[in-house]
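Working through the structure, step by step
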Amino acid sequence: MRIVTLCFLLTGTHICLAKKKIGFGEGKYNGAGGKVEQGEEIDDAAIREVEEEIGVRIPKEKLEKVGVLTFYFDKASDINQCMHIYKSSVWEGDPCESDEMCPEWFHQNDIPLDNMWLDDKYWIPKMLNNEWVEGSFYFNVDGSEILKYELLS
Ligand code: 8OG
């Protein structure tokens, strides 16, 4: 299964979300992240993707793991993926636009969930509430509908 990372920068009140400019999820707001390379540690991949996509460097000891989600797509097992989720409130540099993403700050009470992945509204509030996020989402074949989901409470 494809292993991917996702990482959010958080202040006490705001979250940094970046609009994806190209590829899978284009036009949607999300944290920074992507595929873990062969032989790469998952934490290192999270730090690398944040630096590539929004130009900030998270010190490894400040990276906090907040959960793992698995996504299953009906009849499309080749795109099923396991996503390791992180946050950090410490980083070096200011988030800036790259070829892939354009970052913006949102108040944590005003997250653009209508312009994010369908599953995000089920677990981002848990993450912001400092709860561990773990579970599975089952999508229809093109990811436009959640067929069922399970989240540890
Ligand atoms: O390398 P690529 O751009 O395809 O990586 C996809 C990114 O999108 C990666 O950071 C993981 C993330 N992602 C999914 N599915 C979902 C999802 O359902 N919700 C959120 N918030 N992010 C997702 O691949």
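Fair warning: this is a prediction, and the values are worked out from it, not measured in the lab. (Residues numbered from 1 in each chain as written. Predicted model: local features only at pLDDT ≥ 70, side-chain atom pairs only at ≥ 80, totals over all residues. Heavy atoms only, no water.)

**Some words on the layout of surface pockets**
Test applied: Cavities and pockets are found on a 1 Å grid laid over the protein atoms alone: a cavity is a set of points where a 1.4 Å probe fits but cannot escape, a pocket is an open set with protein on both sides within 12 Å along at least five of seven lines, and a lining residue has an atom within 4 Å of such a point. Grid points are joined across faces, edges and corners, and a volume is the space filled by probe spheres set on the points. For helices the rule is a DSSP run of H or I covering at least 4 residues; for strands it is a run of E covering at least 2, with both sets numbered from the N terminus onward. The nonpolar class holds Ala, Val, Leu, Ile, Met, Phe, Trp, Tyr, Cys and Pro. Asp, Glu, Lys and Arg form the charged class, and all remaining residues, Gly among them, are polar.
Empty space within the largest pocket amounts to approximately 440 Å³. Forming the boundary of the largest pocket are 26 residues, of which Lys20, Phe24, Asn30, Gln81 and Trp117 lie nearest the centre. Put simply, the parts of the chain that give the lining of the largest pocket at least two residues each are strand E1 (2-10), helix H1 (42-54), strand E4 (64-73), strand E5 (81-88) and helix H2 (120-128). Among the residues making up the lining of the largest pocket, the classes are represented as ten nonpolar, seven polar and nine charged. Of the pockets and cavities examined, the second largest pocket occupies roughly 160 Å³. Every residue lining the second largest pocket is listed: Phe24, Gly25, Lys28, Phe73, Ile79, Met116, Trp117, Leu118, Val141, Asp142, Gly143 and Ser144. Partitioning the lining of the second largest pocket into residue classes produces seven nonpolar, three polar and two charged.

**Some thoughts on the environment of Asp78**
Where we set the bar: Think of it in three bands: residues with accessible area under 20% of the maximum for their type are buried, residues over 50% are exposed, and the middle band is partly exposed, with areas taken using a 1.4 Å probe on protein chains only.
Topologically, Asp78 is positioned in the loop between E4 and E5. According to the relative accessible area criterion, Asp78 is exposed, its value standing at 65%.

**Thoughts on the nonpolar core**
The criterion, for reference: Throughout this description, the term nonpolar core refers to a set of buried Ala, Val, Leu, Ile, Met, Phe, Trp, Tyr and Cys residues connected via side-chain atoms within 4.5 Å. Here, two residues are considered to be in contact whenever any of their heavy atoms come within 4.5 Å of each other.
Ranked by size, the top nonpolar core spans 24 residues in total, and within it Phe8, Ile85, Trp123 and Met127 carry the most contacts. Where this core is concerned, the elements lending two or more residues are E1, strand E2 (14-20), E4, E5, H2 and strand E7 (133-139). Once residues lying within four places of it in the same chain are set aside, the contact partners of Phe8 are Ile15, Cys16, Leu17, Asn30, Gly31, Ile85, Tyr86, Lys87, Ser88, Trp123, Ile124 and Met127. Among the nonpolar cores identified, the runner-up in size contains 14 residues, and Cys16, Val50, Val56 and Tyr86 belong to it.

Take it as geometry only, folks, not as evidence of what the structure does.
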